[in-house]
Amino acid sequence: MQTFGRWSLCFFSYCFIGCIWETLYVFVCTGHWENRGLLFGPLLPIYGIGALVILYVTTPVKTNPWMIFLLGMLGASAVEYIGGSLLEIVFHTRYWDYTGTFLNVHGHISLLSSIVWGVFSIFLVKWIHPELNQHIRTLPKKAGLALACILLVVFCVDFMFSSAYTIANS
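Residues numbered from 1 in each chain as written. Predicted model: local features only at pLDDT ≥ 70, side-chain atom pairs only at ≥ 80, totals over all residues. Heavy atoms only, no water.

A. A look at the packing of helix α1 (residues 3–30) against helix α2 (residues 45–58). Relative to each other, α1 and α2 sit at 125 degrees, their axes nearing to 7 Å. In terms of orientation, α1 lies oblique with respect to α2. Pair α1 / α2 crosses with right-handed handedness. Residues Trp-7, Cys-10, Phe-11, Tyr-14, Cys-15, Gly-18, Trp-21 and Glu-22 of α1 pack against Pro-45, Tyr-47, Gly-48, Ile-49, Ala-51, Leu-52 and Leu-55 of α2. Counted by class, the contact of α1 with α2 contains twelve nonpolar, two polar and one charged residues. (Axes fitted to C-alpha atoms, helices over the stretch in contact; angles between N-to-C directions. Helix = DSSP H or I, 4+ residues; strand = E, 2+ residues; numbered from the N terminus. Parallel < 35°, antiparallel > 145°, perpendicular 65-115°, else oblique. Left-handed = near helix turned anticlockwise from the far one by under 90°. Contact = heavy atoms within 4.5 Å. Nonpolar A, V, L, I, M, F, W, Y, C, P; charged D, E, K, R; others polar.)

This is the structure:
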């Protein structure tokens, strides 16, 4: 499968995994189910973007866990800060808020969340991505590319409707 198809499937997989993670985390913390993202569907794009950024910035150091931790932490924190800022500017809402936590920056990132992203980066680079990538590579090329294109269309439609709804109700 071409690089576009493979990386698109990785992106959507990480968006979905992030949605599951976030939903379960919030359920454990609050005791109720909550849609934690902008989209109507079960995808959190910030996790997909974050995972791809982590994979990109750690490529030169993927054999060094400390560097994976550091670069992954910095890359994911940058995505979280920029994403949180853009969501607040465009949609006038906060999907997460670290205000009041130790060493936070405008409530969009904090020291603890950054450390957690560093730890997650090691798991992503060392175990999760190699396994996921292996499964994606087993897909027939045309089927994988078709699936990536279908997911992209569904994602774009969801984004348009979700964005319009959020703007209309903000």
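B. The side chain of Thr-166, seen in detail. Looking at the element boundaries, Thr-166 is found in helix α5 (residues 141–168). For Thr-166, a relative accessible area of 14% puts it in the buried group. Among the polar contacts listed, one links the side chain of Thr-166 to the backbone oxygen of Ser-162, at a separation of 2.8 Å. With residues up to four places along the chain from it excluded, the contact list for Thr-166 reads Leu-38, Phe-91 and Tyr-95. (Buried < 20%, exposed > 50% of the residue type's maximum accessible area, 1.4 Å probe, protein only. Polar contact = N/O pair within 3.5 Å; in protein donor to acceptor, adjacent residues only side chain to side chain.)

C. Spotlight on the pattern of salt bridges. Evaluated as defined, the whole model comprises four salt bridges. The partner of Glu-88 in a salt bridge is Arg-94, and the shortest N-O contact between them spans 3.2 Å. Linking Asp-97 and Arg-94 is a salt bridge whose minimum nitrogen-to-oxygen distance equals 3.1 Å. Linked through salt bridges whose partners overlap, the residues forming this network are Glu-22, Glu-34 and Arg-36. (Salt bridge = Lys/Arg side-chain N within 4 Å of Asp/Glu carboxyl O.)

D. Unusual backbone geometry, seen in detail. Its identity is not glycine, yet His-92 carries a phi of approximately 55 degrees, on the positive side. Relative to the helices and strands, His-92 resides in the loop between α3 (65–91) and β1 (104–105). With a phi close to 55 degrees, His-106 is a non-glycine residue in the positive phi region. Mapped onto the elements, His-106 comes out in the loop between β1 and β2 (109–110). Look at His-106 and you get exposed, because its relative accessible area is 53%.

E. Expanded view of the layout of surface pockets. Space inside the largest pocket adds up to approximately 1300 Å³. Every residue lining the largest pocket is counted, 46 residues in all, and those nearest its centre are Glu-22, Ile-46, Tyr-47, Glu-80 and Trp-117. Listed by contribution, the elements that provide at least two residues to the lining of the largest pocket are α1, α2, α3, α4 (111–137) and α5. The residue makeup of the lining of the largest pocket, split by class, is 33 nonpolar, nine polar and four charged. Approximately 180 Å³ is the volume attributed to the second largest pocket. Lining the second largest pocket we find Trp-7, Leu-55, Thr-58, Thr-59, Lys-62, Leu-124, Val-125, Lys-126, His-129, Pro-130 and Asn-133. Among the elements that take part in the lining of the second largest pocket, α4 stands out by supplying six residues, more than any other. Class assignment for the residues of the lining of the second largest pocket results in five nonpolar, four polar and two charged. (1 Å grid on protein atoms, 1.4 Å probe; cavity = no way out; pocket = protein on both sides within 12 Å on 5 of 7 lines; lining within 4 Å. Points joined across faces, edges and corners; volume = space filled by probe spheres on them.)

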